[in-house]
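What follows is the residue order along each chain.
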Amino acid sequence: PPGSWTAPGRPSPLGPSSTARRATRSAESESGSQSPNRVYAVRRPGTGSSTASSTVRTKAGEASWRTMAENSLANTYAELGDLARAEHFYSKALENAGREGMTVTEAEIEASLGGLELSRGRFAEALRLFESSRRKYDELAMPHQSAIAELETADIYLELNLADEAFEIYKRVSPVFKRL
């Protein structure tokens, strides 16, 4: 997978900046807003300082932006190698995205969680998450993102010494990238 950050012995589950661009595009497309003009306060519990923490506050009624803030915190923690906090914020963001009908964001978060699980060596869970993400992308008619999720699956198969299965996926998705 692309990216410069690595967990011990694993490639980055996230690209260095592509995730932030995807998050912004998703929030804009799902909220219908090009210029959010929103205010976020991220506070460390028990202090007044504005730093990354386990508390995210937004204006009332801005659930989609809260979801994007939580997803961004998760991406930041993953980049820093704090996988437990990353998982915490991904889980919160995924729950909120589901509740708010943010299907694109759900698929992106599932893919991020899949990368996180892959970096931990939890192959079965990573496969489940990438497949769930791929199905959502298929339903949304997003062939490029669906193909990327399939490539992640093929990479997992290679790590599991399932070269034939990985090769079949590579053959299937290569034409998708040629068309795009």
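Residues numbered from 1 in each chain as written. Predicted model: local features only at pLDDT ≥ 70, side-chain atom pairs only at ≥ 80, totals over all residues. Heavy atoms only, no water.

Structural notes on the pattern of salt bridges
Under the counting rule described, the total for this entry stands at 13 salt bridges. A salt bridge links Asp-138 to Arg-134; its shortest N-O distance comes to 2.3 Å. Here Arg-134 and Asp-138 lie together in helix H5 (residues 123-139), a separation of four residues that amounts to about one turn. In this structure, Glu-168 engages Lys-171 in a salt bridge whose closest nitrogen and oxygen atoms are separated by 3.4 Å. (Salt bridge = Lys/Arg side-chain N within 4 Å of Asp/Glu carboxyl O. Helix = DSSP H or I, 4+ residues; strand = E, 2+ residues; numbered from the N terminus.)

Brief notes about unusual backbone geometry
In most cases, non-glycine residues show a negative phi, while peptide bonds are predominantly trans. Of note in this structure, Ala-141 is not a glycine but carries a positive phi near 55 degrees. Positionally, Ala-141 belongs in the loop between H5 and helix H6 (143-159). In this structure, Asn-161 takes a positive phi of about 60 degrees despite not being glycine. As for its position among the elements, Asn-161 is in the loop between H6 and helix H7 (163-179). For Asn-161, a relative accessible area of 69% gives the class exposed. (Buried < 20%, exposed > 50% of the residue type's maximum accessible area, 1.4 Å probe, protein only.)

Re the confidence of the model for the protein chain
Per-residue confidence for the protein chain gives a mean pLDDT of 76, with 66% of residues at or over 70. In the model of the protein chain, strand S1 (residues 40-43) stands out as the element of lowest mean pLDDT, 38, in contrast to H5, which has the highest, 96. The low-confidence segment residues 1-56 (pLDDT under 50) makes 109 contacts with residues lying over four places distant or belonging to another chain. (pLDDT = per-residue confidence, 0-100. Contact = heavy atoms within 4.5 Å.)

A closer look at H5
With 17 residues, H5 extends 24 Å from end C-alpha to end C-alpha; this agrees with the ideal 24 Å at 1.5 Å per step. Inspection of H5 places Phe-123, Ala-126, Leu-129, Phe-130, Ser-132, Ser-133, Arg-134, Lys-136 and Tyr-137 among the buried residues, and these make up the whole buried set. Its buried side turned inward, H5 meets helix H4 (103-119) and H6. The first or second residue beyond H5 is Ala-141, which carries a positive phi of 55 degrees. (Expected span 1.5 Å × (residues − 1).)

A word on the side chain of Lys-136
When you line up the elements, Lys-136 lands in helix H5. Beyond its immediate chain neighbours, meaning those up to four positions away, Lys-136 contacts Thr-103, Glu-106, Ala-107 and Glu-110.

Description of the packing of H4 against H5
Angle between the axes and distance between the axes are the two parameters that describe a pair of packed helices. Across the interface, H4 lies against H5 with an axial gap of 8 Å and an inter-helix angle of 160 degrees. With respect to each other, H4 and H5 are oriented roughly antiparallel. The handedness of the crossing between H4 and H5 comes out as left-handed. Seen from H4, the contacting residues are Thr-103, Val-104, Glu-106, Ala-107, Glu-108, Glu-110, Ala-111, Leu-113, Gly-114, Gly-115, Glu-117 and Leu-118; seen from H5, they are Phe-123, Glu-125, Ala-126, Leu-129, Phe-130, Ser-132, Ser-133, Lys-136 and Tyr-137. (Axes fitted to C-alpha atoms, helices over the stretch in contact; angles between N-to-C directions. Parallel < 35°, antiparallel > 145°, perpendicular 65-115°, else oblique. Left-handed = near helix turned anticlockwise from the far one by under 90°.)

As for the environment of Glu-95
Considering the arrangement of structural elements, one finds Glu-95 in helix H3 (residues 83-100). A C-alpha to C-alpha distance of 10.0 Å links Glu-95 and Ile-109, two positions 14 residues apart in sequence.

Overview of H7
Between its terminal C-alpha atoms H7 stretches 25 Å, which fits the 24 Å expected from 17 residues at 1.5 Å a residue. Of all the bends in H7, the largest measures some 25 degrees and sits at Val-173, one to four residues before the proline Pro-175. All of the buried residues in H7 are Ala-166, Ile-169, Val-173 and Val-176. If you follow the buried residues of H7, they end up packed against H6. (Bend = angle between axes of the 7 residues up to and from the residue.)

Some remarks on the nonpolar core
In this structure, Ala-86, Phe-89, Tyr-90, Ile-109, Leu-113 and Leu-116 are the most contacted members of the largest nonpolar core, which totals 16 residues. Counting residues per element, the ones that place at least two in this core are helix H2 (63-80), H3 and H4. (Core = buried A, V, L, I, M, F, W, Y, C linked by side-chain atoms within 4.5 Å.)

Quick word on the environment of Ala-111
The topology assignment puts Ala-111 in helix H4. Spatially, the C-alpha atoms of Ala-111 and Arg-128 are 9.8 Å apart, while their sequence positions differ by 17 residues.

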